[in-house]
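Chains, contacts and geometry: an overview
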Protein chains: 2
Amino acid sequence: MLAQQSEADPLTSERIAGSVNTNPVFIRRILGLLSRAGLVASQPGVGGGWRLRRDAASISLLDVYEAVGAGPLLALHHRMPNPDCLIGRNIQRTLLNYFGEAEAAFKQALARQTIAQVLETAQEGELSSPA
Amino acid sequence: MLAQQSEADPLTSERIAGSVNTNPVFIRRILGLLSRAGLVASQPGVGGGWRLRRDAASISLLDVYEAVGAGPLLALHHRMPNPDCLIGRNIQRTLLNYFGEAEAAFKQALARQTIAQVLETAQEGELSSPA
DNA sequence: CTGATCCGCAACTATACTCATTACGAATAG
DNA sequence: CTATTCGTAATGAGTATAGTTGCGGATCAG
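These lines cover the structure that appears in this document, whether it is placed above or below. Please read these numbers as outputs of a predicted model, since none were measured by experiment.

As a further point, take the protein's contact with DNA strand C. Neighbouring DNA strand C are 26 residues, the closest being A:Thr22, A:Asn23, B:Ser13, B:Ser42 and B:Trp50. The share of sugar and phosphate among atoms of DNA strand C within 4 Å of the protein is 63%. A distance of 3.2 Å separates a phosphate oxygen of DNA strand C from a polar atom in the side chain of A:Asn23. Side-chain polar atom of B:Ser13 to a phosphate oxygen of DNA strand C: 2.7 Å apart, as the coordinates give it. When residues of the surface near DNA strand C are traced back to their parent elements, those giving at least two are α2 (24-36) of chain A together with α2 (24-36), β1 (40-43) and β2 (49-52) of chain B. Of the residues assigned to the surface near DNA strand C, the class counts are 8 nonpolar, 14 polar and 4 charged.

The structure is reproduced here in structure tokens:
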């Protein structure tokens, strides 16, 4: 939505929340994370709201993914394995390596996709749908 | 652990649980999923337990991932977006496309890795560690 | 046949996480 | 000054994860 909006006319968290069908506080929390990552900026007061700080074509989905600080794709069991077991004492380190490779492939794919592309695709979908 | 174990000497869920430092029921729940996918088999009774049904080199991490039925890597917001908004009525379909590409890259990476490789890496880690 | 294992499954609980909601202070434009 | 909007904290409902107990069914040794 921000990519679609003119820079001079920022979007309020309430309008965005209306589109997502949720509440403004939830939106502000997420936008706060994106703001800390330098992707968006907020303006308080009358006529205020949110706008992109960088061009939509320069923001990759990976930028967004990292900004919101998602946890690892494949989590390890939260309890320490048994160090008396050959597998137990080596499996976590080993799995982190293997999972890391898969996660890297995932991130590379996200890095190739930009907000501008997503916006364009959404608008194309609009044209082709018969209403 | 199952890949390391001889076929003739199945592992009980209690032994596995001891290595993971959790309880047998949790292990049985997961192995039940792997069993339905044909990756492992269980044997009740004295001397029973679990064993691999296929060679460890033929089981990819993707096989395991799909067997445990993990949800999508990137979930959509659980409430329907506002259909009166251009973005709202197109964003879910659009994002599913983009997320799907990233998830496909992730799965391709998992497909290239096998249980046999993981076991070997864990055993190598054992050799190189100074105890 | 009997008893000791061991799986399979259901029920219940504790803990944690996600999101909705309310509230209130700070910043800003007119 | 006042209306608006962000920023953040507190609270609660709903859901997910995993720990625990219990018990029935299958299997094997004797």
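Let's shift gears to the relation of the copies chain A and chain B. Expressed as a screw operation, the relation of chain A to chain B combines 0.0 Å of axial shift with a rotation of 180 degrees, fitting to an RMSD of 0.1 Å. Overall, the copies show the geometry of a two-fold rotation axis. When C-alpha distances to the rotation axis are compared across chain A, the minimum falls at A:Phe106, with a value of 2.4 Å. A share of 100% of interface residues in chain A that are also interface residues in chain B marks the association as one of identical surfaces.

With that settled, consider the interface of chain A and chain B. With 44 residues of chain A at the interface, the matching set in chain B holds 44 residues. Of the roughly 3700 Å² buried at the junction of chain A and chain B (both faces included), carbon and sulfur atoms supply 64%. Where chain A touches chain B, the interface holds 0 salt bridges. Summed over the shared surface of chain A and chain B, the number is 15 residue pairs in polar contact (both at pLDDT 80 or more). Counting residues per element, the ones that place at least two in the side of chain A that touches chain B are α1 (13-20), α3 (61-67), α4 (86-111) and α5 (115-128) of chain A. In terms of residues, the side of chain A that touches chain B owes the most to one element, α4(A), which gives 17 residues. Here the residues of the side of chain A that touches chain B are counted per class, giving 23 nonpolar, 15 polar and 6 charged.

Moving on to the environment of A:Asp63. All names here are of chain A. Relative to the elements of secondary structure, Asp-63 occurs in helix α3. Residue Asp-63 is classed as partly exposed on the basis of its relative accessible area of 27%. If we skip the residues at most four places from it in the chain, Asp-63 touches Leu-39, Arg-54 and Ser-58. A polar contact of 3.3 Å, which involves the side chain of Asp-63, links it to the side chain of Arg-54.

Residues B:Ile30, B:Leu33 and B:Val68 make up a contiguous nonpolar surface patch of roughly 180 Å² in combined accessible area. Relative to the helices and strands, B:Leu33 resides in helix α2.

Analysis parameters
Residues numbered from 1 in each chain as written. Chains lettered and ligands numbered in written order. Predicted model: local features only at pLDDT ≥ 70, side-chain atom pairs only at ≥ 80, totals over all residues. Heavy atoms only, no water. Near = heavy atom within 4 Å. Polar contact = N/O pair within 3.5 Å; in protein donor to acceptor, adjacent residues only side chain to side chain. Helix = DSSP H or I, 4+ residues; strand = E, 2+ residues; numbered from the N terminus. Nonpolar A, V, L, I, M, F, W, Y, C, P; charged D, E, K, R; others polar. Least-squares fit on C-alpha atoms with pLDDT ≥ 70 in both. Contact = heavy atoms within 4.5 Å. Buried area = accessible area lost by both parts, 1.4 Å probe. Salt bridge = Lys/Arg side-chain N within 4 Å of Asp/Glu carboxyl O. Buried < 20%, exposed > 50% of the residue type's maximum accessible area, 1.4 Å probe, protein only. Patch = residues over 30% accessible without salt bridge, like charges linked within 9 Å, V, L, I, M, F, W, Y side chains within 5 Å. Areas by Shrake-Rupley, 256 points an atom, 1.4 Å probe, with all protein chains shown as cover.

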